[in-house]
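Given next are the chains, with one letter for each unit.
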Amino acid sequence: MDDPPGNLMGQTLVGALVLDMGIQWIGWAVAVKLRTEKFYDFLGSITFISLALGSMLLAANYSPRQILVTTMVVLWALRLGTFLVVRILKDGQDKRFDEAKQNPFMFFVFWTIQGVWVYSTSLPFLLLNAQS
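Predicted, not measured: the structure shown is a model, and the values here were computed from it. (Residues numbered from 1 in each chain as written. Predicted model: local features only at pLDDT ≥ 70, side-chain atom pairs only at ≥ 80, totals over all residues. Heavy atoms only, no water.)

Okay, the pattern of salt bridges next. For side chains bearing opposite charge, pairing can occur when the charged atoms are close. Inspection of every chain in the model, using the stated rule, returns 4 salt bridges. Between D41 and R87 there is a salt bridge, and its shortest N-O distance comes to 3.9 Å. Taken together, the positions of D41 in helix α2 (residues 40–58) and R87 in helix α3 (residues 64–91) put the pair 46 residues apart, joining distant regions of the chain. In this structure R87 comes out as partly exposed when scored by relative accessible area, which is 34%. Close ionic contact of R96 with D94 constitutes a salt bridge, the shortest N to O distance being 2.6 Å. Using a relative accessible area of 9% as the deciding quantity, one classes D94 as buried. Among the charged side chains, a salt-bridge network with shared partners connects D41, R87, D94 and R96. (Salt bridge = Lys/Arg side-chain N within 4 Å of Asp/Glu carboxyl O. Helix = DSSP H or I, 4+ residues; strand = E, 2+ residues; numbered from the N terminus. Buried < 20%, exposed > 50% of the residue type's maximum accessible area, 1.4 Å probe, protein only.)

Here's what the structure looks like:
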């Protein structure tokens, strides 16, 4: 029996949201414990890559467009993530977080906003990859 139309779409979008916020909130919990922001941008990039590859793997068939777009998203996230990780390792800190990392709730807001940003900017490739 075939899944009803839209089931893959719903699975992809809900699954992506759960994965996205799960990565962010686990990252927040570790960052609060360690009082560091050093892996904030790294996990943002990892989340993009996870959503791109995860949504692609859920699709039964891959179109050339899905493969191209997913590959471009992964390459972009790798490039941006590498730049940001090298920058934080070189600078030793990210001044945007000086105040926030002292306040767990404020830090949680930063991590949550990153999750919302990742999800909302991922919607085009999530919707593309959720097509049958």
